[in-house]
Each structure stands twice: as C-alpha cells, then as structure tokens.
Amino acid sequence: MQNKDPQGDPTVATLLTWFVPGAGHLYLGRPLFALVAFLLVEGVYLLGLWLTDGRAFEILPAEMRSQFAPFLAPELGNLGAMLFQSSRFGFGTGAPSVWPDTMNLGMALTSFGGILNVLLMSRAHFDARASKAAPGLRPEAAALACWVLPGLGQILQGRRLRGILMFVMLVGLFAIGTTMGEGANLDRERHYFYWGGQFMLGVPALFAEMIHGHAPLDHEVPYHDLAVVMGCVAGLLNVLVMVDAYGWSESLRIGRDPKHGLTAEGTP
Amino acid sequence: MKDIWLHLFLFLLASTAIVGVTTMLAEPNDAIARLVFPRRWLKFVLTSGAVALVMILLGYTLASI
C-alpha cells in the first residue's frame, strides 16, 4: 500500500507545517487541503490570542521569564504563530492590569492550536510517505481522539480493553491527584509549566478546570505538590497513548501488521 | 516519614499507570503486554525503591546538617 512515488520529503513537509500550518501540504501539491488546514489551525490560535489580548505569556511569573520560556508551552506546536505572539506581545508592558474574563478559554485555545498543528505535522509526514493508503481511521485522527478522551483512539480502533484501561489509569491518576490537591493544579497562572504537561491529558483536564474554576489559594493545601505532579504525569503519559493510537492506525494504513510494535520481533 | 503508607499507596498507583502505559506502547499485542506487565512493574518498583533507599541514606549521612 505504500506510495512508490513520494510527493516530497517527509521531513521538509513536517518542518514547513511547523512554521506555517498547511505549508507542508502546499509543498506536497495539495493547495486546497493546505488552505483549509491553515484557516482551521491559525483560526483557533488567533481566536485564543484575541480572547487573551495576547497576554498568555504575561502570566508567567517574572522570575521564570526568559527568551525560551514560551518554548515549553503547548503553543510551541504552532511555531510560526508562537513566534508571532512572542515578538508582538512578549511578556507584556509590565504595568499591572486585570486579566480579560476570557483569559483561560483563550489560553486553552492557543494551546489547542499548538496540539492541532502537531497533528497536522504528523499528517504531512504521513502523506509525504504514503498518499495511497488503505481506508480506515487516519493516524492523526486516532491521536486526536486520545487527546479528546484518553483511550478513545484505541476504542475506535476496536481495541476496547486497552482503551478502557488507558482511560481508567490516566484519568484516575489525574482525578486522585486533583482531588487530594483540592484542584490547586488546575490553574495555568499558578503552575505555568506543569499546566502545559497536564494539558496533554486533553478534555478531561480542561473540563475539570472549567467546573472547578480558579479559586485563590487562601489556605495551606497539604497535597498541593502531589496534585501538580500527578496531573502533569497523567498528561505526559497521554502523549504515549496518542503515539500508540497513531502507530496502530499508521501500520494498518500502510499495510503492515500493527502488532509488530517497538520491541516485537520482525519490526522493520 | 509523614503519611508513609499513603505515599507508598500513591507511588504504587502512579507506577501502575506509568508501567501500564509504557508496556502497552512497547507491546501493541495485548496478550504479550499482559504477560510482560508484572515483571516490568516489579522491576520499576524495586529500582525506584533502591533509588529512594540511596537518597534516604545520603540524607542521613553525607547530606545531613
């Protein structure tokens, strides 16, 4: 099923997409897809930028600011837009002012814009290698499903037990940590970098943040650190869950046995 | 040693998730993943325990004030 006549270099297509969403597909000779992808990814990012007044990096505490601090945020997935945001808005003017009411929603959108572009990069890489692929769930769609709900990608692939186990382990880890820490981890302003890891857990983390709100810490929370670490670990582990779902669908679409994993015998 | 049993329980919980997900990533075949999980989990827990032991010993000796 692999394409014998590749349209372009997968690495070039991936890097182009990283800088400008859709550019990789333009390079691969698919201008319409490139335009739609550009509008979608940049639309989500710019909406977030508008809702935050471009102040998403301003919430970083002064002592943690550096030229490379924004590179440790989920926005990094959309490098061009992130560099635009950094150069245009940076860490703000320094004058104290109230955050916009839509600050948290906006930051979730700019971060999601980064995730979307990473998935688009993976699609550009796949399309450059195998444009004539077998039908079935696309690899990046399976990965996105895992971001929406950990394990959902595996369930859609027919691997129900695996998907359910992944969901229970990761959402359980996150829920226990968050409960014991009284939700202290659910705030990007309080834990900028850890929030970035936790964001990878996807919708469950955002939903918890939405229903819990962003209450000020007016008392000592004994398990504050535990909540931060467990939330972040759950999010980072979900990246592996996304990779697992991606790899399975990719193998099926290019005609390989998906059960030949990273360590199994016969791996090409 | 505050709340040692609670911390141990939470560690075992987190280690189950860490080893479970990494095992599933390494072994796409569910049957093989099920087989290798207990050994990988035990290895992770014992190795982490050894590291913790060294840190505690250092805390009471070289790094003690």
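What you are looking at is a predicted structure, and each value in this text was computed from that prediction instead of being measured.

Digging into a nonpolar patch on the surface
Residue and element names in this part refer to chain A.
Here is step 1 of the chain: Taken together, Val148, Leu149, Ile155, Ile164, Phe167, Val168, Val203, Phe207, Met210 and Ile211 make up a surface patch of nonpolar side chains, about 870 Å² in accessible area.
Here is step 2 of the chain: Elements with a minimum of two residues in the nonpolar patch: helix H8 (160–180) and helix H10 (203–212).
Here is step 3 of the chain: Broken down by element, the nonpolar patch gets its largest block of residues, four residues, from H10.
Here is step 4 of the chain: Within the secondary structure, phenylalanine 167 sits in helix H8.

So, the side chain of Arg55(A)
Residue and element names in this part refer to chain A.
Here is step 1 of the chain: With respect to the secondary-structure elements, arginine 55 resides in the loop between helix H3 (31–51) and helix H4 (79–88).
Here is step 2 of the chain: What makes arginine 55 buried here is its relative accessible area of 11%.
Here is step 3 of the chain: A polar contact is formed between the side chain of arginine 55 and the side chain of serine 97, at a distance of 2.8 Å.
Here is step 4 of the chain: Excluding anything up to four places from it in sequence, arginine 55 contacts Ser97, Val98, Trp99, Pro100 and Met103.

With respect to the interface of chain A and chain B
Here is step 1 of the chain: The interface of chain A with chain B comprises 26 residues on the first partner and 21 residues on the second.
Here is step 2 of the chain: Here chain A meets chain B over a buried area of about 1,900 Å², counting both sides, of which 74% is carbon and sulfur.
Here is step 3 of the chain: By the criterion of area lost to chain B, the three top residues of chain A are Arg162(A), Met169(A) and Tyr223(A), representing 28% of everything that side buries.
Here is step 4 of the chain: In this assembly, chain A and chain B are joined by one salt bridge.
Here is step 5 of the chain: Between Asp30(B) and Arg162(A) there is a salt bridge; the shortest N-O distance is 2.7 Å.

Details of the packing of H8(A) against helix H1 (residues 4–26) of chain B
Here is step 1 of the chain: Packing of H8(A) against H1(B) leaves a shortest axis separation of 10 Å and a crossing angle of 150 degrees. Classified by the interaxial angle, the pair formed by H8(A) and H1(B) is roughly antiparallel. For H8(A) against H1(B), the interelement crossing comes out left-handed. For the pair H8(A) and H1(B), contact is made by Arg162(A), Leu165(A), Met166(A), Met169(A), Leu170(A), Leu173(A), Ile176(A) and Met180(A) and by Leu6(B), Leu10(B), Leu13(B), Ala14(B), Thr16(B), Ala17(B), Gly20(B), Val21(B), Met24(B) and Leu25(B), respectively.
Here is step 2 of the chain: When its residues are assigned to classes, the contact of H8(A) with H1(B) shows 15 nonpolar, two polar and one charged.

As for the nonpolar core
General note: in soluble globular proteins, nonpolar side chains tend to be found buried as a group.
Here is step 1 of the chain: In terms of nonpolar packing, the biggest core is built from 35 residues, with Phe174(A) and Met242(A) touching the most fellow members.
Here is step 2 of the chain: Looking at this core, the elements that each hand over two or more residues are helix H5 (103–129), helix H6 (139–148), H8, helix H9 (192–199), H10 and helix H11 (224–253) of chain A together with H1 of chain B.
Here is step 3 of the chain: With eight residues, H11(A) is the largest single contributor of residues to this core.
Here is step 4 of the chain: Dropping the residues within four chain positions of it, Phe174(A) is found in contact with Asn185(A), Leu186(A), Gln198(A), Leu201(A), Pro204(A), Ala205(A), Ala208(A), Gly231(A) and Ala234(A).
Here is step 5 of the chain: Residues Ala69(A), Met82(A), Met103(A) and Tyr192(A) belong to the second largest nonpolar core, which totals 14 residues.

Rules used throughout
The residue numbers shown here count from 1 along each chain, following its written sequence. Each chain is given a letter, starting from A, and each ligand a number, starting from 1, according to the order in which they appear as written. Note on the predicted model: pLDDT of at least 70 is required for a residue's local features to be given, and 80 or more for side-chain atom pairs to be given and counted; whole-chain, interface and lining totals, by contrast, use all residues. Processing note: side-chain calculations cover all non-hydrogen atoms of the structure and skip hydrogens and water entirely. Patch membership requires over 30% relative accessible area and the absence of a salt bridge. Like charges are linked within 9 Å, and nonpolar side chains (Val, Leu, Ile, Met, Phe, Trp, Tyr) within 5 Å. Residue burial considers only the protein chains on display, and all accessible areas are found by Shrake-Rupley using a 1.4 Å probe. Just to be clear on terms, a salt bridge is a Lys or Arg side-chain nitrogen sitting within 4 Å of an Asp or Glu carboxyl oxygen. By the criteria applied, helices consist of DSSP H or I runs no shorter than four residues and strands consist of E runs no shorter than two, each listed in order from the N terminus. The buried label goes to any residue with under 20% of its type's maximum accessible area, the exposed label to any with over 50%, and the partly exposed label to all in between, with areas taken from a 1.4 Å probe on protein chains only. As used in this structure description, the phrase polar contact means that two N or O atoms lie within 3.5 Å; if the pair is within protein, one of them must be able to donate a hydrogen and the other to accept it, and residues adjacent in sequence are counted only when both atoms belong to side chains. Any two residues whose heavy atoms approach within 4.5 Å at even a single point are treated as in contact. Accessible area, probed at 1.4 Å, shrinks when two parts are joined; the buried area is that loss added up over both. Helix axes are fitted to C-alpha atoms over the stretch in contact, other axes to C-alpha atoms as well, and angles between N-to-C directions run from 0 to 180 degrees. An angle below 35 degrees is read as roughly parallel, one above 145 as roughly antiparallel, one from 65 to 115 as roughly perpendicular, and any other as oblique. Helix crossings fall into two classes, left-handed where the near helix is turned counterclockwise from the far one by less than a right angle and right-handed where it is turned clockwise. Only Asp, Glu, Lys and Arg are considered charged, only Ala, Val, Leu, Ile, Met, Phe, Trp, Tyr, Cys and Pro nonpolar, and every remaining residue, Gly among them, polar. Working definition of a nonpolar core: buried Ala, Val, Leu, Ile, Met, Phe, Trp, Tyr and Cys residues. They are joined through side-chain atoms within 4.5 Å.

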